[in-house]
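Per-entry structural report
What follows is each chain in one-letter form.
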2 protein chains.
Amino acid sequence: MKNEETKQIRNLILDMDGVLWRGDTPMPGLAAFFDTLRELGIGFVLATNNATKTAVQYSAKLAGFGVEIPPGQIVTSAEATAAFLQTQYPPKTAVYAVGEQGLHDALTTHQFHLINYKEAMHENGDIPLVVVGFNRHVTYKDLAAAARLIHRGARFIGTNPDVSFPSEYGPLPGAGASLAFLQAATGIEPLIIGKPGPILFQEAMHRLNGTTANTIMVGDRLNTDIAGAQKAGLKAALVLSGITRPEHLATSTIKPDFIFADITDLANYLQGEKTAVSTHKKS
Amino acid sequence: MKNEETKQIRNLILDMDGVLWRGDTPMPGLAAFFDTLRELGIGFVLATNNATKTAVQYSAKLAGFGVEIPPGQIVTSAEATAAFLQTQYPPKTAVYAVGEQGLHDALTTHQFHLINYKEAMHENGDIPLVVVGFNRHVTYKDLAAAARLIHRGARFIGTNPDVSFPSEYGPLPGAGASLAFLQAATGIEPLIIGKPGPILFQEAMHRLNGTTANTIMVGDRLNTDIAGAQKAGLKAALVLSGITRPEHLATSTIKPDFIFADITDLANYLQGEKTAVSTHKKS
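What follows covers the overall build of chain A. A count of helical and extended segments in chain A gives 13 helices and 15 strands. In terms of overall size, chain A behaves like a compact globule, its C-alpha atoms giving a radius of gyration of 19 Å where 283 residues would be expected to give roughly 19 Å. Counting only C-alpha atoms and orienting by the principal axes, one finds that chain A spans roughly 65 × 35 × 35 Å. Buried positions account for 54% of the 283 residues belonging to chain A. Relative to all contacts within chain A whose residues are 6 or more apart in sequence, the contacts with residues 24 or more apart total 66%. Of note, chain A has its 24 positive side-chain charges centred 3 Å away from the centre of its 26 negative side-chain charges.

This brings us to the relation of the copies chain A and chain B. Mapping chain A onto chain B leaves a residual RMSD of 0.0 Å; the transformation is a rotation of 180° accompanied by 0.0 Å of translation along its axis. Here the copies are linked by what is in effect a two-fold axis. Interface overlap between copies: 100% of the residues of chain A at the interface are likewise at the interface in chain B, consistent with a symmetric, same-surface contact.

The subject of this paragraph is the sheet that holds strand β12 (residues 191-192) of chain B. All names here are of chain B. The strand order β7-β6-β8-β9-β12 describes an open sheet built from 5 strands, whose pairing is parallel. Looking at which strands have only one partner, the edges of the open sheet turn out to be β7 (113-114) and β12. In the sheet, strand β6 (residues 94-98) pairs with β7 via 2 bridges, with the strands oriented parallel. Following the sheet pairing, V95 is matched in β7 by L114. Packed onto the sheet, helix α7 (residues 140-151) meets β6, β8 (129-132) and β9 (155-158) and runs at close to 140° relative to β6.

Let us look at the pairing of strand β13 (residues 215-219) of chain B. Residues and elements named next belong to chain B. The element β13 is extensively covered by neighbouring structure, given that 5 of its 5 residues are classed as buried. Every second residue of β13 is oriented toward a common face, with T215, M217 and G219 on one face and I216 and V218 on the other, all of them buried. As defined by bridge partners, β13 adjoins strand β14 (residues 235-239) across 4 bridges and the pair is classed as parallel. Residue pairing in the sheet places G219 in a bridge with L238 of β14.

Residues and elements named next belong to chain A. The N-to-C vectors of helix α4 (residues 77-86) and helix α5 (residues 101-109) enclose an angle of 25°; their axes lie 8 Å apart at closest approach. Between α4 and α5, the crossing angle belongs to the class labelled roughly parallel. You can see that α4 and α5 cross each other, and the crossing is right-handed. Contact with α4, carried on its side by A78, E79 and A82, involves G102, L103, A106 and L107 of α5 and no other residues of that element. Residues belonging to the contact of α4 with α5 are distributed by class as follows: 5 nonpolar, 1 polar and 1 charged.

Turning our attention to the interface of chain A and chain B. Taken together, the contact between chain A and chain B spans 28 residues of the former and 28 residues of the latter. In total, about 2200 Å² of surface goes out of reach between chain A and chain B, with carbon and sulfur atoms giving 71% of it. Among the residues of chain A in contact with chain B, Y140, Y169 and F181 of chain A are the three that bury the most area, contributing 31% of the side total. In this structure, the connection of chain A to chain B is made through 6 residue pairs in polar contact (both at pLDDT 80 or more). Those elements that provide at least two residues to the side of chain A that touches chain B are α6 (117-122), α7 (140-151), β10 (164-165), β11 (172-173) and α8 (175-186) of chain A. When residues of the side of chain A that touches chain B are assigned to their parent elements, the largest contribution, 7 residues, is made by α8 of chain A. Class assignment for the residues of the side of chain A that touches chain B results in 18 nonpolar, 8 polar and 2 charged.

Right, let's talk about the domain arrangement of chain A for a bit. Residues and elements named next belong to chain A. Split by domain assignment, chain A resolves into domain 1 (4-49 + 195-270) and domain 2 (78-192). Just the C-alpha atoms count here: the centres of domain 1 and domain 2 sit 28 Å apart. Contacts between domain 1 and domain 2 engage 8 residues on the former and 9 residues on the latter. Summing both partners gives a buried area of about 700 Å² for domain 1 against domain 2, and 62% of it is carried by carbon and sulfur. Together, N49, I199 and E203 form the three largest contributors to the area buried by domain 1 at its contact with domain 2, with a combined 60%. Of the charged contacts, one joins R207 and E79 as a salt bridge, the two residues approaching to 3.3 Å between their closest N and O atoms. The interface formed by domain 1 and domain 2 holds 2 residue pairs in polar contact (both at pLDDT 80 or more) in total. The residue makeup of the side of domain 1 that touches domain 2, split by class, is 3 nonpolar, 1 polar and 4 charged.

Residues and elements named next belong to chain A. Ordered in space as β5-β4-β1-β13-β14-β15, the 6 strands form an open sheet in which the pairing is parallel. The open sheet terminates on both sides in strands that have one partner only, identified here as β5 (74-76) and β15 (258-260). On average, each strand axis in the sheet is inclined to that of its neighbour by 25°, with strand direction left out of account.

Okay, the environment of Y96 of chain A next. Residue and element names in this part refer to chain A. Looking at where Y96 falls in the secondary structure, it is placed in strand β6 (residues 94-98). By relative accessible area, which is 3% here, Y96 ends up buried. Once the C-alpha coordinates of Y96 and A146 are considered, the two residues, 50 residues apart in sequence, prove to be 7.0 Å apart. Of the polar contacts made by the side chain of Y96, one reaches the backbone oxygen of D142; its length is 3.4 Å.

All names here are of chain A. Secondary-structure assignment places T186 in helix α8. Only 3.1 Å separates the side chain of T186 from the backbone nitrogen of I188, close enough to count as a polar contact. When residues no more than four places from it in sequence are discounted, the contact partners of T186 are A147, I150 and H151.

What follows deals with the environment of Q111 of chain A. All names here are of chain A. Topologically, Q111 is positioned in the loop between α5 and β7 (113-114). Along the primary structure Q111 and T93 are separated by 18 residues, whereas in three dimensions their C-alpha atoms are 7.8 Å apart. Discounting residues that sit within four places of it in the chain, Q111 has contacts with Q86, P91, K92 and T93.

This next bit is on helix α5 (residues 101-109) of chain B. Residue and element names in this part refer to chain B. Turning to α5, its buried residues are G102, L103, A106 and L107. Buried residues of α5, seen end-on, are gathered within an arc of 120° and therefore sit on one face of the element. Tucked into the core, α5 has its buried residues touching α4 (77-86), β6, β7 and β8. After α5 finishes, the residue Q111 shows a positive phi value of roughly 70°.

Conventions and cut-offs
Residues numbered from 1 in each chain as written. Chains lettered and ligands numbered in written order. Predicted model: local features only at pLDDT ≥ 70, side-chain atom pairs only at ≥ 80, totals over all residues. Heavy atoms only, no water. Helix = DSSP H or I, 4+ residues; strand = E, 2+ residues; numbered from the N terminus. Rg over C-alpha atoms; globule rule 2.2 N^0.38 Å. Buried < 20%, exposed > 50% of the residue type's maximum accessible area, 1.4 Å probe, protein only. Contact = heavy atoms within 4.5 Å. Lys, Arg positive; Asp, Glu negative; His and termini not counted. Charge placed at Lys NZ, Arg CZ, Asp CG, Glu CD. Least-squares fit on C-alpha atoms with pLDDT ≥ 70 in both. Pairing = 2+ DSSP bridges. Axes fitted to C-alpha atoms, helices over the stretch in contact; angles between N-to-C directions. Parallel < 35°, antiparallel > 145°, perpendicular 65-115°, else oblique. Left-handed = near helix turned anticlockwise from the far one by under 90°. Nonpolar A, V, L, I, M, F, W, Y, C, P; charged D, E, K, R; others polar. Buried area = accessible area lost by both parts, 1.4 Å probe. Polar contact = N/O pair within 3.5 Å; in protein donor to acceptor, adjacent residues only side chain to side chain. Domains from an automatic or database assignment. Salt bridge = Lys/Arg side-chain N within 4 Å of Asp/Glu carboxyl O. Arc of directions from axis to C-beta.

Next up, the structure:
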């Protein structure tokens, strides 16, 4: 017994960490949640700012939780970066990438030609692109080569803006810190693909073949998932199973369109069993 | 035959690269310049933002050019950092340093206790200081450990703010780029010791036992040497033997108190043989 509101929801863009799992632990009801989406015929794409892993690796992680999701339904910021750039540059375009396997794989899959450090430091021709993502092994040399090419006119692209991420040691520097290093060194601001910018959402929408009227972004972070989706014209649902606590929500100027305790709560809503707290709808 | 103006000059703070040498080439008249200063009884200290070399290494470089200057008359930003911090912390204070030999030597000479990466990542006690300078071998791990300690409350000190420096490959990232990385990752702004801030100048003044009335800063960079010295209350002399071209000077809002072609021109002025173009004096 669905109400009119739920019937409008045809597609979901799902953030992963804090929504589908926490670290290496799946959220309760994870498999049942995807069963519900498939029963209801609701399309979905998984979207993350993390550019270090490939879609194949995420698909394998989900399989380990008993959920089969093909890599084509998983968009990392590295995937979105490569897909976005492919619309603007011919095949075999040379790219200097500072990142991990997720970024390198995404760029080669999208037919870019990766150049190495030596080429980056000695190349006197035209290298049109520098793409920078998180890399826990990044060195001064890697960043110096990137700075050199940016100085020489290469376009400066960042996979995602996250300046830090939680770890067992406390918050550690993220991709955004390397972007700040290069922006300081070159005076050039990067184009950033990931949330809260619109390009990652646009790539997810493209794969869903969805419209802003029938697609909802589901995430656990107010300033990236929720604010970014709303800025991109999407409705946004906050789940309280991740980083955002109810008290943050109360004091934030960012107002989700829907609020759910977790994905089980969302599944119940989609089945028409309850009506979500809808902050925008109510006002 | 000195005029009154030159008689007031009792001390010089001398920037090095672009003033005393260019790369590995001494400026013409280098030895004669120091002979003149000694004949006239003018005190001097050499001061640089470069924190990678030690004062002993600079002294050796000058010896190679036929000029004997003891290390005590050479202040790097690493030396100034260590001397400044020594006035505020007891001996054996623990410091996590991200830098090269110049920084490590300066800190240990000033009785600080350097901790290594492993200690920085696992230390749960109180590490009060993180000091960051240029390091051409810096890695993500080094910076992550620094970020962790800054997050935990360590004071964040930068040796110098230079975001880039010239090289055969073009401009490469300087200490300021690593500071930007850590500022982005932690949200904390560093206290920066080197030019154009006042602390390096203050350390040089301290060694000269000089006053702002009788000491002149001599440098080749408008935005660091000249603007910084003037902000610290010193008069500033620009030499045109380094990075600043006459056309830059014409369009800059920064106005040196004196302008000289090079150190030979300055030596002639100090001997009273000519009157320098004095922009402030004339206005």
